[in-house]
Amino acid sequence: MNFHTLSVSITPSSSSSSLVPCTPKTYLCSNINNESSRVNSPAPSQLTTKRRCLFCGRRHFVEAATLATTLFPIKPSRATNNSDSDYDYADVLNQFHPPKPDWYEEFYAWVMNSATKSYEAEVAKYKSQVLSNLKGKALKILEVGIGTGPNLSYYANDSDVHVVGIDPNPKMEKYARSSARLAGLLLSNFEFFQAVGEAIPLSDASVDAVVGTLVLCSVKDVDLALKEVKRVLRPGGKYVFVEHLAAKDGTTLKFFQRLIDPLQQILADGCHLSRDTGNSIYKAGFSSVEFKTAFVSNASFINPHIYGIAYK
């Protein structure tokens, strides 16, 4: 199947731009790599700070009684109404990602590490276009749904880069750490936390960039996850994404997506085939959103894809 690419830039109507205001169904075309007019504010100061460290186990999300040093400021998410003193990460994790048997999570992590090579090879051109925007510009990076770490090779081969990866499946950690090592990332500059996108355990405005690929299809609350992404980004920070979304209404592909969606959610750890992900990113309130679309032959019913950057 041939690739079909559409360059799209979305600017909320509240912007001061002189362009015609956009609605969720109205788009402005531009080149995603055209950043010459953007001024990148300097990276925030060193984020290594002493705070309460989270022990991120499946059954025990507890705060340590002593202070510990971490790469990023760790703090309970403000996505809920809980105060720091009574915040229970076990409840949050179980709410958005109910516990699964260890054998299932181990098997799923192994499948994601072993059976996605052809897909990763096909989407490499798209990932490299957007993730290359982080090199030399983002030193503190959060990857939501890091999985086995296939994205690390695109942006983490720099001794100055610090990465925190979160994933609800703790069995992903060993694969992610191996990918970090192969990418050239110092292991001292990499942290893994078992957490969900709806409740990111980092402080406000603590990262230069957030990376998420094929994540919004499987979170329970897309809007809340995007709210969390915005919260942890510093002003001017970038949210770099590669996602799949529902096909157009009335198409054969959309019919089959709706038909097999319930089974897909069971087999693929909550993945939805029929979400309007692009519209959700637009409505999240970023200052601007740029993305392109593509059809990926190795992805079968998981099409079309969008890949781009949203700016806080």
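The rules behind the values
Residues numbered from 1 in each chain as written. Predicted model: local features only at pLDDT ≥ 70, side-chain atom pairs only at ≥ 80, totals over all residues. Heavy atoms only, no water. Helix = DSSP H or I, 4+ residues; strand = E, 2+ residues; numbered from the N terminus. Buried < 20%, exposed > 50% of the residue type's maximum accessible area, 1.4 Å probe, protein only. Contact = heavy atoms within 4.5 Å. Areas by Shrake-Rupley, 256 points an atom, 1.4 Å probe, with all protein chains shown as cover. Disulfide = S-S within 2.5 Å. Expected span 1.5 Å × (residues − 1). Arc of directions from axis to C-beta.

(A) Fine view of the overall build of the protein chain. The helix and strand tally for the protein chain stands at 8 helices and 10 strands. Residue burial in the protein chain is summarised as follows: out of 312 residues, 51% are buried. Of all intrachain contacts in the protein chain linking residues separated by at least 6 positions in sequence, the fraction that spans at least 24 positions is 73%. Carbon and sulfur atoms make up 56% of the accessible area of the protein chain, which totals about 14300 Å².

(B) Local environment of the state of the cysteines. Under the defined criterion, the tally for this structure stands at 0 disulfides. No disulfide involves C217; its sulfur sits 3.8 Å from that of C271, the nearest cysteine. Under the relative-accessibility criterion, C217 is labelled buried at 4%. Given the relative accessible area of 6%, C271 is considered buried.

(C) Layout of helix 2 (residues 102-114). The end-to-end C-alpha separation of helix 2 is 18 Å, in line with the 18 Å expected for 13 residues at 1.5 Å each. Of the positions making up helix 2, those classed as buried are Y104, E105, Y108 and A109. Viewed end-on, helix 2 has its buried residues packed into an arc of 130°, placing them on one side of the element. Buried residues belonging to helix 2 abut helix 5 (173-183) and helix 7 (252-267).

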